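Now for the letters of each chain:
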Amino acid sequence: MRSLAAWVATLAAMTLLAVLVVGRAEIATDLSFFLPEGRDVESRALAAGYDRPGTLLMVRLSGGADNRDTARISDRVTADLRAESAVALVRNGRPHVDAALRDFILDNRYLLGPSFEPDHFSAPVLESAIAGELAGLAGTSGWAMRDLFPRDPVGRYRAVIASRALSGGPERRHGVWMDDDGRALLLIYLTAASGDVAAQAQAMADFNRVIEAARADWPDIEAAVSGPGIFALRASEKIRGDMTRLTAIAVGAVALLLLALYRSIALLLLAGVPVTLGLMTGMLATQGIFGSVHGVAITFGAVLAGVAVDYPIHLFGHRRMGEAAAEAARRIARPMAVGAATTFVGLLALTQSSFPGLAQIGVMSATGVATALIVSRWWLPRLMSGAGPVGAGHGMSAFWTVLQASPRGRRAVAALGLLAFVALALSAALRPGPVWETDLTRISLADTDEKILDQELREALRLPDVRRALIVEGADGQDVLTKWPEVLDRLDAAVSAGRLGGYPPLTGLLPSRAEQEMRQDAMPDAAVLQEALVRAVASLPLDVAILAPYVEDVRRQKQAEPILPEDLTSGPLGILYPAPWLTDEGAAAMIPLVPPIDLTSEDLPSGDGTVRLIDLVQIAQEIVGGYRREAITLLLIGLGLGGAVLAWGMRRRIVRAALPPVAAVALTAAILLSAGISLNLFHLLALLLVASIGVDYALFFPDYSKSDQDGTNGFRSVTACCATTTVVFAVLATSSIPVLGAIGTTVAIGAVLSFVLTLCLAGGASSQ
């Protein structure tokens, strides 16, 4: 009856947690897991564009009968894409200014763009400008500006557009952009940020629908697409796929192993209770702290079931004949608590990491381990009816007898392990590669073909370099804008001299607030402007009444509030304008640069170093290096705390308990390095798990002087733990996500080494 009541309470608790997980847990599969979280200039520069609208898609189209036909394809696809709500702007080389963008610039033309001369509104200057516009209206293309003339008779709008024109790009054939092979090129700016995976998926669905519609007229159309949003979308798909696949395989593998070991569905269900509760509480804790749970953390947490299941395995395996489950739990409580505590404090240290991904894994894993321990120690025995040992020996007695009778063999294996470590350490020391991973492409989620296509499209479209950019820092956003005129003048000179290919067209569109206020002071009142216009058109074939909209426009802009960067980013220019962003030190803005980039010190304003050329790859390496140093510190703290817990729990047996995990960590690291694998942050996490696994094995491995039954039970439980851990982390090693693959490979190797070294070195560490 008590067991039935306990099962009812367990199912109720699991149902409640499941409802909370489904209802509250927000599962993320974007790239935020891998992005820096700091507000310093370097971190913000590295993550620039991830969370702001206007992500860029680069498109290459082919399938036309000739270049003229390919140009028709380009025009058709461009026109159809402009009708899609997810698309903010499409450029294919033909002159085009979006209506909303045109209206915004027209409405604010005197507050935007280059400054104007003090005599801009004088009668002689107005007369000359108006006469020039009238002459243009009489030309063959004058019809295009005829409706605009009453509002802008001096051509100010065209001056602003020309100063920061959406020009440049690759060569045109039949009016559209094409590469050297005659394939059409398009630039698509989406309304969503690259980090908005759902919006990226919808945009790609819209794009594919447009291409399919065009295939009705051009069946051979082929489209190649790349861009930050595409990388984020494909990475999300990989993460989601691995989360589903690896979790299912890992759980299934553990279930099959437990069935093979214990041949009992009941014990399988019992083992699943602490693991399931641990995973769900870990997800809820992570959700509560971070606001979401990333798919990588969920996958790691699910695979960590191979470690959490150790606790019920020990409870099952160490029950003696005629012994109640609660009594067995009390008897093994000390080594179980010490082993779990060493794992918990190590993972708890990782929760303090400033790297979001590592901190999420730390929170989820530490919570899961603690929950699994508590449930296994105090609740699981209530669910187990009957008494006595569970499962059969499955030949373990014979193996245990052989091990007991082979002390020389164990010492020989230990000696071979020492020789292997020396050889591997020498090999690792002599290898040419670095110990720590500095090439971030090795942990990228993008395939080689995707990277090649992205580079090809960037070069063909003559887009800014993804690696080098200019950073302008200031006390605040307005200070940054104040520095831009001098910066851009120097960059323009570098472009003219051939040392720079260019920079984004609308970079200098917005002057500082002070500059805008100076312009407003220079604008005449409506009456003064009206009088100047009367004199200006006196000798021209024009009625001054036609220019009333111009007078109204100037009056309105003179009285308007100055335009701030946030006004641009929230308006039609937001997708194109590189607005300053806040940092810990003030504000900064990044100006992407188009190759070639051969800037010298003369091309940058001299002074306090607030204008500097940066290398984003180098910044990423430095940030990762900082995370690595922080992680090493946290891991050392965790290992120190774990060692203290182990020393307190084992007292005089500390050497026997600590020697196998220390040796396993050292040997695993030596194997990885000698194999040419440089270590990264996630290898460090994996080595922490190896140490925890080794401690668990050493604590529960029986003394070789134990009786046959106790020795067999202890040997069987440690063997089962090794089997489940090795299998689930071997599954993780197959992940297409490099960081998960690194963890899986490392822990699978380390678990096997921990088991073998425990056989040879730790007999007698158990205090049971």
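Notes on the structure in this doc start here. What you see is a predicted model; the values in this text were computed from it and never measured.

**Comments concerning the overall build of the protein chain**
Alright, step 1. Helix and strand counts for the protein chain stand at 28 helices and 14 strands.
Alright, step 2. Scored against the burial criterion, the 768 residues of the protein chain give a buried share of 52%.
Alright, step 3. A separation of at least 24 residues holds for 82% of the contacts in the protein chain among residues at least 6 apart in sequence.
Alright, step 4. Per element, the accessible surface of the protein chain, about 32200 Å² overall, is 60% carbon and sulfur.

**Digging into the packing of helix α14 (residues 333-350) against helix α15 (residues 356-383)**
Alright, step 1. Taken N-terminus to C-terminus, the directions of α14 and α15 make an angle of 165°; their axes are 7 Å apart at the nearest point. Taken as axis vectors, α14 and α15 run roughly antiparallel relative to one another. Considering only the axes of α14 and α15, their crossing is left-handed. Only Leu358, Ala359, Gly362, Ser365, Ala366, Val369, Ala370, Leu373 and Arg377 of α15 make contact with α14, whose side of the interface consists of Ala333, Met336, Ala337, Ala340, Thr343, Phe344, Leu347, Leu348 and Leu350.
Alright, step 2. By residue class, the composition of the contact of α14 with α15 is 14 nonpolar, 3 polar and 1 charged.

**Remarks on the sheet that holds strand β9 (residues 468-474)**
Alright, step 1. Across the sheet, 4 strands lie side by side as β11-β12-β9-β14; this open sheet has antiparallel pairing. This sheet does not close on itself; its edge strands, each paired only once, are β11 (581-583) and β14 (611-615). Strand-to-strand, the axes of this sheet are offset by a mean angle of 40°, without reference to chain direction.
Alright, step 2. Pairing between β11 and strand β12 (residues 586-592): 3 bridges, direction antiparallel. In the sheet register, threonine 583 faces β12, and the bridge partner there is glycine 586.

**Focus: the pairing of strand β6 (residues 184-190)**
Alright, step 1. Along β6, 7 of the 7 residues are buried, which leaves the element largely enclosed by surrounding structure.
Alright, step 2. What you see with β6 is no split at all: Ala184, Leu186, Ile188 and Leu190 on one side and Leu185, Leu187 and Tyr189 on the other are buried throughout.
Alright, step 3. Note that strand β2 (residues 56-62) and β6 share 6 bridges and pair antiparallel. Note that in β6 the partner of valine 59 across the bridge is leucine 186.
Alright, step 4. Where strand β3 (residues 87-91) and β6 come together, 4 bridges link them in antiparallel fashion. Each bridged residue has a counterpart across the sheet, and for leucine 89 the counterpart in β6 is tyrosine 189.

**Some remarks on the nonpolar core**
Alright, step 1. By size, the foremost hydrophobic cluster in this structure holds 108 residues, and its most contacted members are Phe300, Phe729 and Ile743.
Alright, step 2. Here this core takes 12 residues from helix α26 (residues 681-700), the largest share from any one element.
Alright, step 3. If we skip the residues at most four places from it in the chain, isoleucine 743 touches Phe300, Phe682, Leu685, Ala686, Phe729 and Leu732.
Alright, step 4. Counting residues in each nonpolar core, the second largest holds 71 residues, with Leu56, Met523, Leu542 and Ala587 among its members.

**Here we look at helix α7 (residues 197-214)**
Alright, step 1. Between its first and last C-alpha atoms α7 spans 26 Å; for 18 residues at 1.5 Å apiece the expected length is 26 Å, and the two agree.
Alright, step 2. Every buried residue of α7 is accounted for by Val197, Gln200, Ala203, Met204, Asp206, Phe207, Val210, Ile211 and Ala214.
Alright, step 3. Packed against the buried residues of α7 are β2, α3 (67-82), β6, β7 (222-226) and α8 (228-262).

**A short note on the side chain of threonine 351**
Alright, step 1. Looking at the element boundaries, threonine 351 is found in the loop between α14 and α15.
Alright, step 2. Within the local environment of threonine 351, its side chain forms a polar contact with the side chain of glutamine 352, the two groups lying 3.1 Å apart.
Alright, step 3. In this structure threonine 351 touches Ala359, Gly362 and Val363, once residues within four positions along its chain are discounted.

**Here's the deal with the environment of alanine 720**
Alright, step 1. Summarising the element assignment, alanine 720 is placed in helix α27 (residues 708-732).
Alright, step 2. Owing to a relative accessible area of 1%, alanine 720 belongs among the buried residues under this scheme.
Alright, step 3. Sequence separation of alanine 720 and tyrosine 262 is 458 residues, and the distance between their C-alpha atoms is 9.9 Å.

**Looking at the pairing of β12**
Regular strands place their side chains on alternate faces of the sheet.
Alright, step 1. Burial within β12 is extensive, with 6 of its 7 residues counted as buried.
Alright, step 2. Sheet topology note: the β9/β12 ladder contains 6 bridges and is antiparallel. Bridging across to β12, glutamate 473 finds its partner in alanine 588.
Alright, step 3. Taking the residues between adjacent antiparallel strands as the criterion, β11 and β12 are bridged by 2 residues.

**Section: the sheet that holds β3**
Alright, step 1. Across the sheet, which stays open at both edges, the 4 strands sit in the order β3-β6-β2-β7 with antiparallel pairing between neighbours. In the strand order of this sheet, the two ends are held by β3 and β7, each with one partner. In this sheet, adjacent strand axes meet at a mean angle of 25° when their direction is disregarded.
Alright, step 2. Strand direction decides the pairing type here: β2 and β7, joined by 5 bridges, are antiparallel. Across the sheet, the residue bridging to valine 59 is valine 225, located in β7.
Alright, step 3. Packing of α8 onto the sheet brings it into contact with β2 and β7, and relative to β7 it is tilted by some 85°.

Quick notes on the rules
- Residues numbered from 1 in each chain as written.
- Predicted model: local features only at pLDDT ≥ 70, side-chain atom pairs only at ≥ 80, totals over all residues.
- Heavy atoms only, no water.
- Helix = DSSP H or I, 4+ residues; strand = E, 2+ residues; numbered from the N terminus.
- Buried < 20%, exposed > 50% of the residue type's maximum accessible area, 1.4 Å probe, protein only.
- Contact = heavy atoms within 4.5 Å.
- Areas by Shrake-Rupley, 256 points an atom, 1.4 Å probe, with all protein chains shown as cover.
- Axes fitted to C-alpha atoms, helices over the stretch in contact; angles between N-to-C directions.
- Parallel < 35°, antiparallel > 145°, perpendicular 65-115°, else oblique.
- Left-handed = near helix turned anticlockwise from the far one by under 90°.
- Nonpolar A, V, L, I, M, F, W, Y, C, P; charged D, E, K, R; others polar.
- Pairing = 2+ DSSP bridges.
- Core = buried A, V, L, I, M, F, W, Y, C linked by side-chain atoms within 4.5 Å.
- Expected span 1.5 Å × (residues − 1).
- Polar contact = N/O pair within 3.5 Å; in protein donor to acceptor, adjacent residues only side chain to side chain.

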